[in-house]
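Letter by letter, the chains look like this.
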Amino acid sequence: MFDRFTEGARRAVVRAGILALDAHRATLDADLLLLGVAEVRPFSLSSFTASGAGLRARIDLGDARALLATLGIDLDEVHRRTRAGTDAPDQWALRRSRLRPLRVALDGPLGTIPLAMHARKVIEVAMWKPGPVTGERLLWGLLADGANGAGRLLREAGVDVAALVREAGIPSRRAA
């Protein structure tokens, strides 16, 4: 499924998967896809003013970092030393189950994580139109479903979502 994804869009999805695996989540959710997009920034949209740190504060990632820090262990340093090259997008794949086509999983050197319903919808919307799947298309997928919480998280982080939609060229529901 990654065949049509640009390098930046792949990096964003892989980053989200690594965050989900690190947080020991059962599934990759849309909130982590948004965080992956914010950290990788696979586009140059000036109205996307949310930072990865600003969104991190609003998303539950567990607190292994804080617990290990009390023991004097820097989790980022441990990851740098033990995970060299594991975030390379060419080592990861999005796979759809042949027996259950609604099941999509991200598979890579750190493990496999299934996409939750809203995250799968983000990918499906991003892939809906022909052509490459870009960071803007991932953003379109994130904002297409009001129930996944991406719009709320962006507003809480101070993003003018209406301006972002206009700048990214995301079709509005009113135009349809």
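Refer to the preceding data block for the structure.
Parameters at a glance
Residues numbered from 1 in each chain as written. Predicted model: local features only at pLDDT ≥ 70, side-chain atom pairs only at ≥ 80, totals over all residues. Heavy atoms only, no water. Patch = residues over 30% accessible without salt bridge, like charges linked within 9 Å, V, L, I, M, F, W, Y side chains within 5 Å. Areas by Shrake-Rupley, 256 points an atom, 1.4 Å probe, with all protein chains shown as cover. Salt bridge = Lys/Arg side-chain N within 4 Å of Asp/Glu carboxyl O. Helix = DSSP H or I, 4+ residues; strand = E, 2+ residues; numbered from the N terminus. Buried < 20%, exposed > 50% of the residue type's maximum accessible area, 1.4 Å probe, protein only. Pairing = 2+ DSSP bridges. Axes fitted to C-alpha atoms, helices over the stretch in contact; angles between N-to-C directions. Contact = heavy atoms within 4.5 Å.

Participant: Which parts of the structure should I look at to understand a nonpolar patch on the surface?
Facilitator: A surface patch of nonpolar side chains, about 260 Å² in accessible area, is lined by Leu 71, Ile 73 and Val 78. Among the structural elements, Val 78 can be located in helix 5 (residues 75-82). Under the relative-accessibility criterion, Val 78 is labelled partly exposed at 34%.

Participant: So what exactly am I meant to see when it comes to the pairing of strand 3 (residues 111-114) here?
Facilitator: Moving residue by residue along a regular strand, the side chains alternate between the two faces of the sheet. Two strands pair when backbone bridges link them, and strand 2 (residues 104-108) and strand 3 are joined in this way by 4 bridges, in the antiparallel orientation. Looking across to strand 3, one finds that Leu 106 is bridged to Ile 113. Hairpin connection from strand 2 to strand 3: 2 residues lie between these consecutive antiparallel strands.

Participant: Sorry if this is basic, but what is going on with the sheet that holds strand 3 here?
Facilitator: As a general point, the strands of a sheet are linked pairwise by backbone hydrogen bonds and lie either parallel or antiparallel. The 3 strands are arranged 1-2-3 in an open sheet whose pairing can be described as antiparallel. Each of the sheet's edge strands pairs with one partner strand only, and the pair in question is strand 1 (93-96) and strand 3. Across the sheet, the mean angle separating the axes of adjacent strands is 25 degrees when strand polarity is ignored. Relative to strand 3, helix 1 (residues 7-22) is tilted by about 95 degrees, and along the sheet it contacts strand 2 and strand 3.

Participant: Looking at this structure, I do not really get the side chain of Asp 31. What am I missing?
Facilitator: Looking at the secondary structure, you find Asp 31 in helix 2 (residues 30-40). With a relative accessible area of 18%, Asp 31 lands in the buried category.

Shape is all these values report; function is a separate question.
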